[in-house]
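Secondary and tertiary structure notes
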Amino acid sequence: MAIQIEVNNNKIKAKKGETILSALQRNGMSVPTLCWIKDLFPTGACRMCVVEVEGAKNLITACSYPVYDGMKIKTHSNRVIKSRKIIIELLLSNHPDDCLYCARNKSCELQSLAEELNIRERKNSGNKNNYHLDLSSVSLIRDTAKCILCGRCVRVCEEIEGVSAIDFISRGNKTIVGTAYEEGLNISSCVNCGQCIMVCPTGALYEKPHYEEIQLNLNNPNKTVIVQYAPAISVSLAEEFGMKTGTNVIGLMNSALRKIGFDIVFDTSFSADLTIMEESAELIQRIGDGGKLPMITSCCPAWIKYAEQFQTDFLENLSTCKSPQQMMGAMIKSFYAETENLKPEDIFSVSIMPCTAKKFEQQRDEMTQKGIADVDAVLTTRELAKLIRLFNIDMDNLEPELADSPLGTRSSAGKLFGTSGGVMEAALRTSYTKITGKEMKKFKIPEVRGHAGRKEAHLKIGAINLGVAVVSGLKEAETLLQEIREGRDDIHFIEVMACPGGCIAGGGQPINSKPKAIKTRMKSLYKIDETESIKVSHRNPSIIEIYQQYLGKPLSAKSHKLLHTTYIKRDNILL
Ligand code: SF4
Ligand code: SF4
Ligand code: FES
């Protein structure tokens, strides 16, 4: 029901029951927030969002207080601004003064708020916190001294990911956010998803950088440096350079990577197609042989670690396919090395991923051949942007270029891997052809598209009735798996991604993006699929050639050796 409220003397429409913040945002206005997270229940902890409401004695938190008809609000009265200033001044009183060296310099909400509120001098001097940096994780760095205790990371880790690797520990002015017993993140249950980085307002959480070792190898004449980039990167990198959200910069990115000095540029969407060839064959085999169902996708390394820790009764349900990053890594150091007469140890293989968990996956023992890692370093989208800036490359003045062949040719189905539901849609397109011998009449499968945390469809493919589910956010996965444990048997194939919305919302993507950025990136991937002609993985000409020349057929002995893996039950000493 629509009601009317008055904000700063403007009459605006609001919905009965919504919060003041929600009404403001829908009407193109806002107030600063620090603890609020979209779509999660507000805690009202930081009080940054306070507003003055006529007739109310105290200032009111806009993120948690509902509107009522006729409500009169001042969002930026002197009293409100003074209150916000005091909060920021207190937060700054013991904050390290190292903005110049901070990973979040220029993307820090605390820094922006200090500027916005015109705080240009230190008003209070508290004792500086002297916490150690937690460098133990292969994916993330925690700098507790910069934590302002907003609690966003704790909530995302628990309520979206269902992991609870971090929490508030100790009491009073000793309170910090950390792991149980304040041990390193590496021995906690953290699955490296990086969603905590995406919500942290300060530099208290950031990815473990790999770009310095890449620079070293780019300058080593004895190394062939090969780079691959994930499907989601080309529709999110533009934001780092002030271009319109969702712009597909794939051609410019190929050009930039060559200008930086990478010898060969491959597109991970090629190995996404390879994943589909293997995964659809595996699904059909499991259905035919009475194998373990539902089969669950294995592209997301955060989901895999989560399953290895918390869903161990489903380990046999996981597809044995390596992720596209690792399939590409294995092909580079086998097929490509053999074709080009290169020794695997003379190749430095870099991947650019929207994901911090890929840094963990890259160093797993299973992802090696004769002790040599298939992927040597992983850059996030943010790190790639830094590298492009370091090399003073002007993205506005580049000529678009194509990726190298043969591992750079893709179908649009492979490109869909960047969004939640994309792996499912691509796998169904190829499975359909393998089962019926025909192509689908319409390739778009609307039931598995969109941003919902859970999507389901029931399809008839030939004589097979196939139930499929797509979940993103590990808490959603946990709920679905519990339903299956309790007897649900109509689902045969599940796609799981840890990040809500899929890789377009990964933990390595640009920070502080526009509110609709994830949906816009998703639309951009669907548009690519709509406009391109090769829409199925099995029609990618390079895929056809590689099976003919090298791999034989999906699930062959060679495919198994290079492209498949196993999983381990992980014990968490802190659980
Ligand atoms: S990376 Fe993911 S699992 Fe690890 S602490 Fe952050 S939100 Fe939790
Ligand atoms: S680490 Fe960041 S997100 Fe977590 S409580 Fe501290 S400031 Fe907030
Ligand atoms: S954002 Fe409203 S209380 Fe923190």
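Residues numbered from 1 in each chain as written. Chains lettered and ligands numbered in written order. Predicted model: local features only at pLDDT ≥ 70, side-chain atom pairs only at ≥ 80, totals over all residues. Heavy atoms only, no water.

**Considering the overall build of the protein**
Scanning the protein from terminus to terminus reveals 18 helices and 20 strands. For the protein, the C-alpha radius of gyration of 25 Å lies close to 25 Å, the compact-globule estimate for 575 residues. Along the first, second and third principal axes, the C-alpha atoms of the protein reach 75 × 55 × 50 Å. Counting over 575 residues, the protein shows a buried share of 58%. If you sum the accessible surface of the protein, you get close to 24,700 Å²; carbon and sulfur atoms cover 51% of it. (Helix = DSSP H or I, 4+ residues; strand = E, 2+ residues; numbered from the N terminus. Rg over C-alpha atoms; globule rule 2.2 N^0.38 Å. Buried < 20%, exposed > 50% of the residue type's maximum accessible area, 1.4 Å probe, protein only. Areas by Shrake-Rupley, 256 points an atom, 1.4 Å probe, with all protein chains shown as cover.)

**Digging into the site of ligand 2**
Taken together, Cys147, Ile148, Leu149, Cys150, Gly151, Cys153, Val177, Cys200, Pro201, Thr202, Ala204 and Leu205 make up the full set of residues near ligand 2. Tallied by class, residues from the shell around ligand 2 come to 10 nonpolar, 2 polar and no charged. (Near = heavy atom within 4 Å. Nonpolar A, V, L, I, M, F, W, Y, C, P; charged D, E, K, R; others polar.)

**Concerning the site of ligand 1**
The full set of residues close to ligand 1 is Leu140, Cys157, Val163, Ile166, Cys190, Val191, Asn192, Cys193, Gly194 and Cys196. The residue inventory of the shell around ligand 1, partitioned by class, reads 8 nonpolar, 2 polar and no charged.

**Describing helix H2 (residues 78-93)**
Each turn of an α-helix holds 3.6 residues, which means side chains three or four residues apart point in the same direction. In this model, H2 (16 residues) spans 22 Å end to end at C-alpha, consistent with the 22 Å of a helix rising 1.5 Å per residue. Where H2 is concerned, the buried positions are Val80, Arg84, Ile87, Ile88, Glu89 and Ser93. (Expected span 1.5 Å × (residues − 1).)

**Points about the domain arrangement of the protein**
Considered domain by domain, the protein is made up of domain 1 (2-88), domain 2 (102-122 + 129-206) and domain 3 (212-563). Placing the centre of domain 2 and that of domain 3 at their C-alpha centroids yields a distance of 29 Å. Domain 2 puts 22 residues into the contact, and the matching count from domain 3 is 26 residues. Three residues, Val138, Val191 and Met198, lead the burial of domain 2 against domain 3; their summed loss comes to 28% of the area buried on that side. There are 0 salt bridges connecting domain 2 and domain 3. Summed over the shared surface of domain 2 and domain 3, the result is 12 residue pairs in polar contact (both at pLDDT 80 or more). For the side of domain 2 that touches domain 3, the class distribution of residues is 9 nonpolar, 8 polar and 5 charged. (Domains from an automatic or database assignment. Contact = heavy atoms within 4.5 Å. Buried area = accessible area lost by both parts, 1.4 Å probe. Salt bridge = Lys/Arg side-chain N within 4 Å of Asp/Glu carboxyl O. Polar contact = N/O pair within 3.5 Å; in protein donor to acceptor, adjacent residues only side chain to side chain.)

**Here we look at the pairing of strand S19 (residues 464-472)**
For a regular strand, side-chain orientation follows a simple rule: the groups alternate between the two sheet faces. Of all 9 residues making up S19, 7 are buried, and the element is well covered by its neighbours. Direction of pairing for strand S18 (residues 454-461) relative to S19: antiparallel, over a ladder of 8 bridges. Counted as the bridge partner of Ile461 is Ile464 from S19. Inspection of the sheet shows S19 paired to strand S20 (residues 493-497) by 5 bridges, in the parallel sense. Counterpart to Val471 in the pairing with S20 is Val496. With helix H15 (residues 474-485) bridging S19 and the parallel S20, this β-α-β connection has right-handed handedness. (Pairing = 2+ DSSP bridges. Right-handed = clockwise from strand over helix to strand, strands pointing away.)

**As for the side chain of Asp273**
Within the fold, Asp273 resides in helix H8 (residues 268-289). Comment: no salt bridge for buried Asp273; closest opposite-charge side chain is Arg410, at 7.1 Å. In contact with Asp273, not counting residues within four places along its chain, are Arg410, Ser411, Ala413, Gly414, Ser537, Asn540 and Ile543. (Lys, Arg positive; Asp, Glu negative; His and termini not counted.)

**Some thoughts on the environment of Val199**
With respect to the secondary-structure elements, Val199 resides in helix H5 (residues 195-199). The spatial distance from the C-alpha of Val199 to the C-alpha of Met331 is 35 Å, given a sequence separation of 132 residues. Excluding anything up to four places from it in sequence, Val199 contacts Ile37, Arg152, Cys153 and Val156.

**Details of the pattern of salt bridges**
Enumeration over the complete set of coordinates arrives at 39 salt bridges. One salt bridge in this structure joins Glu456 and Arg488, with 2.6 Å as the shortest N-O distance. Of this pair, Glu456 sits in strand S18 while Arg488 is found in the loop between H15 and S20, placing the two residues 32 residues apart along the sequence. The class of Glu456 is partly exposed, set by a relative accessible area of 27%. By relative accessible area, Arg488 is classed as partly exposed at 24%. Residues joined by salt bridges that share partners form a network here, namely Arg454, Glu456, Glu483, Arg488 and Asp490.

**Digging into the sheet that holds strand S13 (residues 295-296)**
With mixed pairing, the 4 strands of this open sheet are ordered in space as S13-S20-S19-S18. Strand pairing shows two members of the sheet lacking a second neighbour, S13 and S18, which therefore form its edges. Packing against the sheet, helix H14 (residues 422-436) makes contact with S18, S19 and S20, and its axis sits at approximately 155 degrees to S20. (Axes fitted to C-alpha atoms, helices over the stretch in contact; angles between N-to-C directions.)

**Overview of the packing of aromatic side chains**
Under the counting rule described, the total for this entry stands at 4 aromatic pairs. Ring plane angle 50 degrees and centroid distance 5.1 Å describe the contact between Tyr306 and Phe310, whose orientation is recorded as tilted. Placement of both Tyr306 and Phe310 in helix H9 (residues 301-310) is noted, with a separation of 4 residues, approximately one turn of the helix. A residue is classified by how much of its surface remains accessible, and Tyr306, at 1% relative accessible area, is buried. Residue Phe310 is classed as partly exposed on the basis of its relative accessible area, which comes to 27%. Site record: aromatic cluster; members linked through ring pairs are Trp303, Tyr306 and Phe310. Here the basic side chain of Lys305 rests over the ring of Phe360, its NZ or CZ set 5.7 Å away from the ring centre. A cation over a ring is seen here: Lys558 above Tyr550, with NZ or CZ 4.0 Å from the ring centre. (Phe/Tyr/Trp six-rings, centres within 6.5 Å; stacked < 30°, edge-to-face > 60°. Lys NZ or Arg CZ within 6 Å of the ring centre and 35° of its normal.)

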